[in-house]
Amino acid sequence: MLHFVANMKRAVALWPFTSHRHFTEEESKRHIPFQRVAAAACGAGILSSLAYAPDQILMTLTGGGVFSLSHSVGVAVCVALVFTLVVMSYRHSMYAYPRGGEYEVTYTNIGPSWGILVAAAVIIDCVLTVSVSVASAAQYFVSLFPFLAGKHVYVACAMLCVLAAIHARQRHRMRALWAIPTYFFVTIIVILLITGCIQLLTASGEGVFVAVPPQIHEAPVSVGLAGYILLLRAFSLGCTVMTGAETFSYDVYRFPRPQSVRAARSLSKIAACAGLLLIALVCVSQYGDRLISPLTVESSGTYPLSEAVSQKARIPVIMQVAHRVFGPQTLGTFIVVIATISILFLAARMVFHTVTSQVSVLALQGCMPIYWHHRYSRFSGAYAWMLLICVAGVVVVMTQANLATLIHLYAVAAFIILTVSQLAMIRYWNTQLRERQTGGARKQTLRSRSLNIVGFILTSIVFVVILATEFIQGAWVTLAMVVFLYAIYAAYRHYHTKLEYEVNVNQWDEACRVPNRVRAVVLISKWDKPHMRALAVARASGAVTVEAVALAVSATAEDLVREQWRELGLPVPLTILYTSKRDMVALLSDHIRLVREQYPHEVLSVYFPQVIGKYWWESILHRRITRALRLAVMDIPDTVLTLVPWKRAN
């Protein structure tokens, strides 16, 4: 059975390979990727949000008419400015805790409870990142191949399987390929925007851009409180572009030395690039009514406003821009879609490393079983990302791969992480200010604390806006998942703390005391080779007394056992337990308890054989009664259980 399970593990996760953490210093330097490669890999989460963030801003503002839609560029600029300020304050956590992540920052400065809350939010954020990435990739794929319309769920689940296969077959030498999807996506989007701007400047006014339906101009102008609420909702959905920033804090070790400095610089560059591209995409989408393209919108001219919006909402903004710039079903559009899907795949794959890191730290802190701490064990890491894939698949199926529904769930967990980590950094700088510092160092500390205060205020405002505008649409589900996971981690940590207190050695003299005597009991069902070997092991163990305990379900069976015992001439006493109800496990456990009560100051050692078959299916036939006996004996205090294996090959 063990070989069968091991072979199944190898089939999924391949053979274990050595991690750079186990290399020497010189070897580890060679295995650390270049800064451009590390920045591209870590920045995939931020840049991939460009595949769906412009869609959410435009489609949200579409329902408000001309007044709301005319402010789409302003909303994008506000999102980019807030993101810039948050990144400026977020950089200091990477300087102070280059290998800890948000959990370590919060756990150290605020307390274990807040740290567990951040860890739960990180796990939920990773699950939603994978779900949103594959759902968005499925949307692009179905838009490219219209015959798959209505099959979004199947396409997304297939992409999850492909993603799992890619991650399982990865090798260290393939890490240089991480930079290709990021740079390829940025290059293609820049070419797309430049070409679109050139066509805008040279257009003659013919044609209409399909990202904004033409009927939108017939909608009534929305003013007043409802219009501003719609703007706030569009702003909260656009803030999904900030959700990949926490990846850098967990992957600082991927950068060359000085790691913190290079990681912070890369985060700033990636954030600036994402902000500029977001503003450019929204600008082209809003002012693209002069774009000339063979694609017409006469087919959508007969729809009412709401139906036209729903028809166009199925095609992402980037793909609509590609249709207008390069034309539908062209090589340029195909390349744009492939680049977008590749960056979404890379963003989802990088989440696996974040989950593995977070699970390892949680296990080390006593919030999960210690086995999960072995982060660089091939199978320990495989269990983490396999569970992540399964949960993400459940989320995709339950939401029917609806990207709008997933977006409502997405940003809540990310802003819990950002807000609490900013508060933790404020506490960190307050602690530093209590120590003696020179004038220059104190000014630097005050400047850093001011940036974190600004970041905390901004992230708190965004978090409140998200809750206020998206709570009914699904933000409450994310909050419920975070609270549920927090309760599990806190309960296990409480159990682990209590267990550590119980098993802790307070008095070494009492713990090292040797028992006076050892009494052995051998369970015998029949006189065969496995039971004779168990009896021989018990006699060789040095026990003061060895007792053979046999079972009999009838008088004939009892006479047969006694006759065989006399023929063997064994120098051990024999006790026969007679039962007519055939409840062997309960009878044996009662006898062992009775012996334990008669000799309370002695250690009782129970021996019984375990037959090991040649094939995995034989364990089903031989281990059922052994498992029941083992569970019954383990409930008896101060009793040692000894399994004596006997292999068929012997």
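Our structure's up above, just so we're on the same page.
These lines cover the structure that appears in this document, whether it is placed above or below. Along each chain, the written sequence defines residue order, and numbers are assigned to residues from 1. Given that the model is predicted, a residue must reach a pLDDT of at least 70 before its local features are reported, and side-chain atom pairs must reach 80 or more before they are shown or counted; all residues, however, enter totals for whole chains, interfaces and linings. Values reported for side chains reflect all heavy atoms of the structure, with hydrogen atoms and water molecules removed beforehand.

1. Some remarks on the overall build of the protein chain
Reasoning step 1: For the protein chain, the count of helices and strands is 25 helices and 5 strands.
Reasoning step 2: Only protein chains enter the accessibility calculation, which uses a 1.4 Å probe; a residue whose area is less than 20% of its type maximum is buried, one above 50% is exposed, and one in between is partly exposed. Considering the protein chain as a whole, with its 650 residues, one finds that 50% of them fall into the buried category.
Reasoning step 3: The contact rule is simple, with two residues in contact once any of their heavy atoms fall within 4.5 Å. Considering only contacts within the protein chain whose residues lie at least 6 apart along the sequence, 82% involve residues at least 24 apart.
Reasoning step 4: Areas reported as accessible are Shrake-Rupley estimates using a 1.4 Å probe. Residue values count occlusion only from the protein chains shown. Of the roughly 31,300 Å² of accessible surface on the protein chain, a fraction of 63% belongs to carbon and sulfur atoms. In DSSP terms, a helix is any run of H or I states spanning at least four residues, a strand is any run of E spanning at least two, and both are numbered starting from the N terminus.

2. Regarding the packing of aromatic side chains
Reasoning step 1: Centres within 6.5 Å make a pair out of two Phe, Tyr or Trp rings, where for Trp the six-membered ring is used; the pair is then stacked when the planes are under 30 degrees apart, edge-to-face when over 60, and tilted otherwise. Enumeration according to the criterion identifies 6 aromatic pairs in this entry.
Reasoning step 2: Seen in terms of ring centroids, Phe145 and Phe147 are 6.0 Å apart; in terms of plane orientation they differ by 65 degrees. Their pairing is edge-to-face.
Reasoning step 3: Its relative accessible area of 28% is what places Phe145 among the partly exposed residues.
Reasoning step 4: With a relative accessible area of 66%, Phe147 lands in the exposed category.
Reasoning step 5: Each residue in the set Phe141, Phe145 and Phe147 is aromatic and connected to the rest through ring pairs, giving one cluster.
Reasoning step 6: Above the face of the Tyr599 ring, Arg519 is positioned so that its terminal group lies 3.6 Å from the ring centre. Whether a charge sits over a ring depends on NZ of Lys or CZ of Arg being within 6 Å of the ring centre and within 35 degrees of the ring normal.

3. Examining the packing of helix H11 (residues 179–202) against helix H14 (residues 259–286)
In a pair of packed helices, the angle between the axes and the distance between the axes together describe the arrangement.
Reasoning step 1: Lines fitted to C-alpha atoms define the axes here, with helix axes fitted over just the stretch in contact, and angles between the N-to-C directions of these axes take values from 0 to 180 degrees. Orientation of H11 relative to H14, taken along the N-to-C sense of each, is 35 degrees, at an axis distance of 11 Å. The element H11 and its partner H14 pack so that their crossing is left-handed. Note on element contacts: H14 touches H11 through Cys273, Leu277, Ala280, Leu281 and Val284, opposite Val186, Ile189, Val190, Leu193 and Cys197.
Reasoning step 2: By residue class, the composition of the contact of H11 with H14 is 10 nonpolar, no polar and no charged. The handedness criterion is simple: a crossing whose near helix is rotated anticlockwise from the far helix by less than a right angle is left-handed, and one whose near helix is rotated clockwise is right-handed. In this count, Pro and Cys sit with the nonpolar residues alongside Ala, Val, Leu, Ile, Met, Phe, Trp and Tyr, while Asp, Glu, Lys and Arg are called charged and the others, Gly among them, polar.

4. Considerations on a nonpolar patch on the surface
Reasoning step 1: Residues forming no salt bridge and having over 30% relative accessible area are the ones grouped into patches, like charges within 9 Å of each other and nonpolar side chains (Val, Leu, Ile, Met, Phe, Trp, Tyr) within 5 Å. The rule for a salt bridge is simple: a side-chain nitrogen of Lys or Arg has to be within 4 Å of a carboxyl oxygen of Asp or Glu. On the surface, Leu177, Ile180, Phe184, Leu331, Phe334 and Ile338 cluster together into a nonpolar patch covering about 550 Å² of accessible area.
Reasoning step 2: Taken together, the elements giving at least two residues each to the nonpolar patch come down to H11 and helix H17 (331–364).
Reasoning step 3: A per-element tally of the nonpolar patch places H17 first, with 3 residues.
Reasoning step 4: Along the chain, Phe184 turns up in helix H11.
Reasoning step 5: A relative accessible area of 32% means that Phe184 is categorised as partly exposed.

5. Observations concerning helix H5 (residues 53–62)
Reasoning step 1: With 9 of 10 residues buried, H5 is to be regarded as a mostly interior element.
Reasoning step 2: Three or more residues of H5 are buried, namely Ala53, Pro54, Asp55, Gln56, Ile57, Leu58, Thr60, Leu61 and Thr62.

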